[in-house]
There are 2 protein chains.
Amino acid sequence: MDRQQTHCCGARVDCANCGIRPIAICGALAPIALGKLAAIAGSRRVDAGAQLIQEGEHAQDIFTLTEGMLKIYKLLPDGRRQITGFMIPGDLVGLAYGDSYIYSAEAVTDIVACRFRRGSLLALMADHPELEHRLLSRAGNELAAAQAQMLLLGRKTARERVASFLLGLAGRLDLGQGEPMPLPMNRGDIADFLGLTIETVSRTLTLMRKAGQIALPDKHSVTIADLASLRAASGD
Amino acid sequence: MDRQQTHCCGARVDCANCGIRPIAICGALAPIALGKLAAIAGSRRVDAGAQLIQEGEHAQDIFTLTEGMLKIYKLLPDGRRQITGFMIPGDLVGLAYGDSYIYSAEAVTDIVACRFRRGSLLALMADHPELEHRLLSRAGNELAAAQAQMLLLGRKTARERVASFLLGLAGRLDLGQGEPMPLPMNRGDIADFLGLTIETVSRTLTLMRKAGQIALPDKHSVTIADLASLRAASGD
DNA sequence: CGTAGACTTGAACACTGTCAACTTGAGTGG
DNA sequence: CCACTCAAGTTGACAGTGTTCAAGTCTACG
């Protein structure tokens, strides 16, 4: 049950076979070829608000997030921003299209990430096809999330978007029963993730609070007070 | 220059080395392990308007589109629809999340697709890691497209969306100079792709026509009359 | 021709955005 | 400890883009 190994970057590696969700495992990659992965891995810390990667840059590294939260986003030339995802420990950051990163990534909180040189990882994959298999499965997950987000952005109302966002985050964060959910990102980030404005996000949260669907103990946490009602409000 | 091979499903296989874009190659997969791929491939024809796969269904097959156009989409329970992509020859359809398809796919025109049993393909990948590599690269492309579409849906105006759509499609379809671009999908499909209504799409196309940016010889074709202006109108 | 479906156009409306004022709370320094 | 400051968030009034609803128009097809 606790065949854990400590890794380069201090993350725990839970046994994939006994059903414990492998968090923070030099993320998506371990527990495959762990020793060899460790040999090519480095650690990287980034302060809240600082950037990890930038869209268009040469994609030299791939990261797996081990601590904290990261937002990935794209910008239009005039500054409009679309956050395409919030990454949590275990997530993979830096999949590239061709040679360049397809999005920028900025730390929401202080973060710790495991860094792999792209070249080294590719070389390692040649010997360990399971690694590539794992990456493909990961990419499938991301694609599924992206599709769901497109549905949200294209077809849901403000209320449905906020409800979906809260439920989606809660589902990924495995929280204790009744425990308030941390919302480390600010309202602007939520707005840019949901394709809304700060004001609309704020108003919608207030409405949900007044409707008894959620509680807002402080600006950076939420409690889901009425799960069924929130689900009904999410549109799906 | 014309080292072509004819394949199970009648598609041409252009030599990847001489720079010809490999269209309709049992799509994304060939020219890897062509013989073995051919051995496990089947052909599937679908009439315009009929469904190829359905969201949530057991994902038994993977397809590569060889002829025609396919739309992939997700639905909300109340019927709202988001089209997440239009597939053209060479594209891969049916990447799954876990065991189930994450979207439905319906033929826009009559189509021909190459069908691979998921299991057979997985088995073949065990012997040919390049196949998996190819799939991963394909998934990366799709992810990049999904991110761009999220930016469009979350942050662009109606005009920018339509302009981006036309430019994006034109970029994929390699057309002859001055040749009108076919738009086999109807206005409702475009609307559901861009997160707009039929009326807004229609109005916007009319505005663009009156502004001299495009011409609309008939309802199912467009000519880009002023590329620079259309680019400027696309927001990026 | 006549019909039906797809598309276009028009007018009124509504959801969300914009602009502006106000509140809150964390951090700072006297 | 308290006043001050500033950024983040909330709330309100109004405006605007895109939606909704409702007629028209076009075109393919019998």
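The paragraphs below set out a description of the structure included in this document.

Here is what the cut-offs are and how they apply
- Residues numbered from 1 in each chain as written.
- Chains lettered and ligands numbered in written order.
- Predicted model: local features only at pLDDT ≥ 70, side-chain atom pairs only at ≥ 80, totals over all residues.
- Heavy atoms only, no water.
- Buried < 20%, exposed > 50% of the residue type's maximum accessible area, 1.4 Å probe, protein only.
- Helix = DSSP H or I, 4+ residues; strand = E, 2+ residues; numbered from the N terminus.
- Pairing = 2+ DSSP bridges.
- Axes fitted to C-alpha atoms, helices over the stretch in contact; angles between N-to-C directions.
- Parallel < 35°, antiparallel > 145°, perpendicular 65-115°, else oblique.
- Contact = heavy atoms within 4.5 Å.
- Nonpolar A, V, L, I, M, F, W, Y, C, P; charged D, E, K, R; others polar.
- Phe/Tyr/Trp six-rings, centres within 6.5 Å; stacked < 30°, edge-to-face > 60°.
- Lys NZ or Arg CZ within 6 Å of the ring centre and 35° of its normal.
- Least-squares fit on C-alpha atoms with pLDDT ≥ 70 in both.
- Buried area = accessible area lost by both parts, 1.4 Å probe.
- Salt bridge = Lys/Arg side-chain N within 4 Å of Asp/Glu carboxyl O.
- Polar contact = N/O pair within 3.5 Å; in protein donor to acceptor, adjacent residues only side chain to side chain.

Comments concerning the pairing of strand β12 (residues 111-117) of chain A
All names here are of chain A.
Part 1: The buried fraction of β12 is high, at five of seven residues.
Part 2: With six bridges joining them, strand β3 (residues 41-46) and β12 adopt antiparallel strand pairing. Each bridged residue has a counterpart across the sheet, and for V46 the counterpart in β12 is I111.
Part 3: As paired strands, strand β5 (residues 61-67) and β12 are joined by six bridges and run antiparallel to one another. Each residue of the ladder has a partner; that of L65, found in β12, is A113.

Some details on the packing of helix α4 (residues 158-172) of chain B against helix α5 (residues 187-194) of chain B
All names here are of chain B.
Part 1: For the pair α4 and α5, interaxial distance at closest approach is 10 Å and the crossing angle is 110 degrees. Classified by the angle their axes make, α4 and α5 are roughly perpendicular. Note on element contacts: α5 touches α4 through I190, F193 and L194, opposite R161, V162 and F165.
Part 2: Residue classes in the contact of α4 with α5 are distributed as five nonpolar, no polar and one charged.

Focus: the packing of aromatic side chains
Part 1: Under the defined criterion, the tally for this structure stands at six aromatic pairs over all chains.
Part 2: On the numbers, 6.3 Å between centres and 55 degrees between planes, the contact of F86 of chain B with F165 of chain B is tilted. Remark: F165 of chain B occurs in helix α4 and F86 of chain B occurs in strand β7 (residues 81-87); sequence separation between them is 79 residues.
Part 3: For F165 of chain B, a relative accessible area of 5% translates into the label buried.
Part 4: An aromatic cluster is built from F86, F165 and F193 of chain A, whose rings are joined through pairwise contacts.
Part 5: In this arrangement the basic side chain of R81 of chain A is found over the ring face of Y73 of chain A, its NZ or CZ atom lying 5.8 Å from the centre.

Section: the relation of the copies chain B and chain A
Part 1: In screw terms, the move from chain B to chain A is a rotation of 180 degrees and a rise of 0.0 Å along the axis, fitting with an RMSD of 0.0 Å. What we have between these two chains is a two-fold relation.

Thoughts on the interface of chain B and chain A
Part 1: Chain B puts 43 residues into the contact, and the matching count from chain A is 43 residues.
Part 2: Both sides together, the interface formed by chain B and chain A hides about 3,800 Å², and carbon and sulfur atoms give 68% of it.
Part 3: Here chain B and chain A share four salt bridges between them.
Part 4: The shortest N-O distance in the salt bridge between R155 of chain A and D192 of chain B comes to 2.7 Å.
Part 5: Taken together, the links from chain B to chain A amount to 16 residue pairs in polar contact (both at pLDDT 80 or more).

Brief notes about the pairing of strand β11 (residues 104-107) of chain A
Residues and elements named next belong to chain A.
Part 1: Neither face of β11 is left uncovered, since the one carrying S104 and E106 and the one carrying A105 and A107 both have all their residues buried.
Part 2: When strand β4 (residues 51-53) meets β11, the two strands line up antiparallel, connected through two bridges. In the sheet register, I53 faces β11, and the bridge partner there is A105.

Some thoughts on the sheet that holds β12 of chain A
Residues and elements named next belong to chain A.
Part 1: If you walk across this open sheet you meet the four strands as β3-β12-β5-β8, and the pairing is antiparallel. At either margin of the open sheet sits one strand with a lone partner, and together these are β3 and β8 (92-93).
Part 2: Against the sheet, helix α2 (residues 118-127) makes contact with β5 and β12, and its axis sits at roughly 65 degrees relative to β12, the strand it touches most.

Describing the sheet that holds β11 of chain A
Residue and element names in this part refer to chain A.
Part 1: If you walk across this open sheet you meet the four strands as β4-β11-β6-β7, and the pairing is antiparallel. What marks the edges here is a single partner per strand, and that holds for β4 and β7 (81-87). Neighbour-to-neighbour, the strand axes of this sheet turn through a mean angle of 30 degrees, independent of strand direction.
Part 2: In this structure, strand β6 (residues 70-75) lies alongside β11, joined through four bridges in antiparallel fashion. From the neighbouring strand, L70 faces β11, where its bridge partner is A107.

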